[in-house]
Amino acid sequence: MHNINRNITPILASAFLFSSAAWSAVPENVQVPAGNKVAMETVGVGKITYECRDRADAAGEMAWVFMGPDAVLKDGSDTEVGRYFGPPATWQATDGSSVTGTQMAVAPGGEGNIPFQLVKANPAEGKGAMTGVTYIQRLDTQGGTAPAMSCGKDNKGERQIVQYQADYLFWKAG
């Protein structure tokens, strides 16, 4: 639906997202449990940083390692309502309230796209928009995967920034 260099407004994206066809396309394992309702819909546009490093799980091998995101969160009227950054993964509203969370599940986001994700939110820091958030869903991802270029001893420690976009839905009990 989205294209990183698109000019479609987020409100149109949200209208599509909540159509019954769109909901049926959300993989079951990243669906939010019953008893929660959408409290805020945002589109995150930003970058993900990767570093060429030794693989922790395979001695002697190197790979592009996720270092963290940095994105602006906008609402349906294209107004900035927060940021997403890390580590640790933190969603912060413009009112200063923020949440971190624990990843519960991921599902493929399509070729060249970071996966869809379901995060169980920790209690919010500060009072505001993030107070009471129970889950965060990342859907409709575009881009953000590790660089295609090689990672080896010649470029060990090199960092690459990859552009991405995703819908972030914030859920509260109710």
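Before reading further, recall that the structure is shown in the block above.
Residues numbered from 1 in each chain as written. Predicted model: local features only at pLDDT ≥ 70, side-chain atom pairs only at ≥ 80, totals over all residues. Heavy atoms only, no water.

Asks: Is there a simple way to explain the nonpolar core in this structure?
Replies: The tendency in soluble globular proteins is for nonpolar side chains to be buried side by side. In terms of nonpolar packing, the biggest core is built from 24 residues, with Trp-91, Met-130, Ile-136, Tyr-164, Tyr-168 and Phe-170 touching the most fellow members. If you list the elements that add at least two residues to this core, you get strand S1 (36-54), strand S2 (62-74), strand S3 (80-85), strand S4 (90-93), strand S7 (116-121), strand S8 (133-143) and strand S9 (159-173). Counting residues per element, this core draws most heavily on S9, which supplies five residues. What Met-130 contacts, discounting residues up to four positions off in sequence, is Met-40, Trp-91, Gln-92, Ala-93, Ser-97, Ser-98, Val-99, Ala-124 and Phe-170. Judged by nonpolar contacts, the second largest core, of 11 residues, contains Val-32, Ala-105, Phe-116 and Leu-118. (Core = buried A, V, L, I, M, F, W, Y, C linked by side-chain atoms within 4.5 Å. Buried < 20%, exposed > 50% of the residue type's maximum accessible area, 1.4 Å probe, protein only. Helix = DSSP H or I, 4+ residues; strand = E, 2+ residues; numbered from the N terminus. Contact = heavy atoms within 4.5 Å.)

Asks: Even after reading the chapter, I still don't get the state of the cysteines, so can you show me in this structure?
Replies: The bond known as a disulfide is covalent and runs between the sulfur atoms of two cysteines. Within this structure, the stated rule accounts for one disulfide. One disulfide bridge connects Cys-52 with Cys-151, the sulfur atoms lying 2.1 Å from each other. Between Cys-52 and Cys-151 the disulfide shows an S-S torsion of about 95 degrees. By sign, it is right-handed. Linking Cys-52 in strand S1 with Cys-151 in the loop between S8 and S9, this pair joins segments that are 99 residues apart in sequence. An identical accessibility class is assigned to Cys-52 and Cys-151; each is buried. (Disulfide = S-S within 2.5 Å.)

Asks: Is there a simple way to explain the sheet that holds S9 in this structure?
Replies: The pairing of strands in a sheet happens through backbone hydrogen bonds and is either parallel or antiparallel. Spatially, nine strands are ordered S5-S4-S3-S2-S1-S9-S8-S7-S6 in an open sheet, and the strand pairing comes out antiparallel. One side of each edge strand has no neighbouring strand; the edge strands of this open sheet are strand S5 (98-99) and strand S6 (101-107). When S7 meets S8, the two strands line up antiparallel, connected through four bridges. Looking across to S8, one finds that Gln-117 is bridged to Arg-138. (Pairing = 2+ DSSP bridges.)

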